[in-house]
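As a plain string of letters, each chain reads:
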Amino acid sequence: MRKLDVLVVGGGPAGLVAGWEAALRAPGAAVAVLERDRAVGAPVRCAEGVGAAGIREFLDPEGAPWVSRRITKVIIVAPDDTEVVVGGKDVGYILDRTRFEPVLAELATRAGAEVLLGTEAAGLRRGTEGWEVTVRSPRGEATWLARVVIGADGVESMVGRWAGLETRVAARDMESAAQYVVANVDCDPDAIYIEFSQQWAPGGYAWVFPKGDGIANVGLGITALHADGRTARQYLDDWLAHRYPDGVVTGFTVGGLITALTVKRTVTDGVLLAGDAAHMINPLSGAGIVNGMKAGRLAGRHAARALREGDTSAANLQAYHDEWMGLLGRDHVWYYKMKDAINGLSDESLDKLARTVNAIPEEKRTLGRIFAHALVRNPSLLPAAARFFAPARREESVDAAD
Ligand SMILES: Cc1cc2nc3c(=O)[nH]c(=O)nc-3n(C[C@H](O)[C@H](O)[C@H](O)COP(=O)(O)OP(=O)(O)OC[C@H]3O[C@@H](n4cnc5c(N)ncnc54)[C@H](O)[C@@H]3O)c2cc1C
């Protein structure tokens, strides 16, 4: 039986950073990352947008080959096509995830972790010496023993369930997303476009994230409870025909987005969950790449600490959960309420909101101020907003939108 100190399930941003960090913090430990696909970073099921400050915590994006585009503006589009430009020189980047995740895998490998492709975890059982993990690969099936398992297995996570953690999602918090890569798109290549509209993307929003001149990720997410029985792809076809009738579709993907709060328990004995597997995505923006990386870093760090201390119990790993909640988990309560507030606005209210916000001079317009205006239309949220806007750093975190 192969024995590991840390076994990470899932080679997305959360898992690769978890493996990287665990190997860095526990030199000499046996750390492996399992990825069931035959490559990390592909297939891409993502619009690939990240906030500038968040990504810089890990890597320098300036001129990096894994960046498709630098973004300096967010343009929020109202249902009547009124555009609200939110400036800022340093908004973020559109990644090329087919190149980005390989860089993370290389960093994890250099730090001493093993990244195994085409290899999946197929089950988990608590044994006397740790977790017995059923591992399937082209070489066959085997049982491996792990002192700590990090579940970074994404939106369809099984690790949490296998370990007895509650990871079910309410239908209201599950978005179905569809996205095309579209050529011949007439948009500002330095801006991302976001459209909240009950008509085009009920219970979610539509986006245009440019990848190059005239090429963009064009997609939307919907919540089935708000939709009329049509699929996300059918909504997307309608929106594309409205917005870019001459667009040429060159790629297509679908995926799920969990816009819930962080699961109540992200740890149990010898197990930590990170990234989408623990519902750590921003419930308003749906941004989960940097969130997953931040969670992966914390998970790797706490796994290494627990091994050093010789105590991988749930009680000792709880510090990971607490640190995540202090970092972003508690802020997500506010974003979640904002999501509800926006979903409660009719298209007419959204049009009016856009016009009110456009009265604010462009240089003073921030995403935080726009949401503050939305709150005025939904006064029941004001106590939550008052708490959120009190410390100055909250405004910054709204601007970063990670
Ligand atoms: C359409 C769409 C657009 C999005 N756009 C954005 C965006 O613009 N910006 C942003 O920040 N976020 C975006 N997201 C969300 C973002 O993609 C995720 O939040 C992010 O990828 C989460 O990272 P992760 O590492 O937790 O999970 P994932 O990236 O999903 O990685 C999990 C990995 O685990 C592997 N895996 C699963 N089970 C097993 C197993 N049993 N054994 C081995 N491997 C396994 C999977 O193959 C996968 O590679 C979008 C999502 C969708 C669906």
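Conventions and cut-offs
Residues numbered from 1 in each chain as written. Predicted model: local features only at pLDDT ≥ 70, side-chain atom pairs only at ≥ 80, totals over all residues. Heavy atoms only, no water. Helix = DSSP H or I, 4+ residues; strand = E, 2+ residues; numbered from the N terminus. Expected span 1.5 Å × (residues − 1). Buried < 20%, exposed > 50% of the residue type's maximum accessible area, 1.4 Å probe, protein only. Arc of directions from axis to C-beta. Pairing = 2+ DSSP bridges. Right-handed = clockwise from strand over helix to strand, strands pointing away. Axes fitted to C-alpha atoms, helices over the stretch in contact; angles between N-to-C directions. Domains from an automatic or database assignment. Buried area = accessible area lost by both parts, 1.4 Å probe.

**Structural notes on helix H5 (residues 232-243)**
In an α-helix there are 3.6 residues to a turn, and that puts residues three or four apart on one side.
Reasoning step 1: In this model H5 runs 16 Å from its N-terminal to its C-terminal C-alpha over 12 residues, within 8% of the 16 Å that 1.5 Å per residue would give.
Reasoning step 2: When H5 is considered as a whole, its buried residues turn out to be Ala232, Tyr235, Leu236, Trp239, Leu240 and Arg243. Projection of H5 onto a plane perpendicular to its axis shows the buried side chains occupying an angular sector of 130°, all on one side.

**Topic: the pairing of strand S1 (residues 2-9)**
Reasoning step 1: Of all eight residues making up S1, six are buried, and the element is well covered by its neighbours.
Reasoning step 2: Note: S1 against strand S2 (residues 31-35), four bridges, orientation parallel. Paired with valine 9 across the bridge in S2 is leucine 34.
Reasoning step 3: Assessed by its sense of winding, the connection that carries the chain from S1 through helix H1 (residues 13-25) to S2 is right-handed.

**A word on the sheet that holds strand S4 (residues 67-71)**
Reasoning step 1: Taken in spatial order, the three strands make up an open sheet running S3-S7-S4, and their pairing is antiparallel. The open sheet is flanked by strand S3 (49-51) and S4, the only strands paired with a single partner. Strand-to-strand twist of the sheet, defined as the mean angle between neighbouring strand axes without regard to direction, takes the value 25°.
Reasoning step 2: Direction of pairing for S3 relative to strand S7 (residues 92-95): antiparallel, over a ladder of three bridges. Pairing of glycine 51 across the sheet is with glycine 92, part of S7.

**Concerning the domain arrangement of the chain**
Reasoning step 1: Splitting the chain by domain gives domain 1 (2-44 + 98-169 + 262-329), domain 2 (173-258) and domain 3 (333-400).
Reasoning step 2: One C-alpha centre belongs to domain 1, the other to domain 2, and the line joining them spans 30 Å.
Reasoning step 3: A combined buried area of about 720 Å² lies between domain 1 and domain 2, and 67% of that area is made up of carbon and sulfur atoms.
Reasoning step 4: For domain 1, the biggest contributors to the area lost against domain 2 are Val155, Val169 and Ile281; these three give 54% of the whole.

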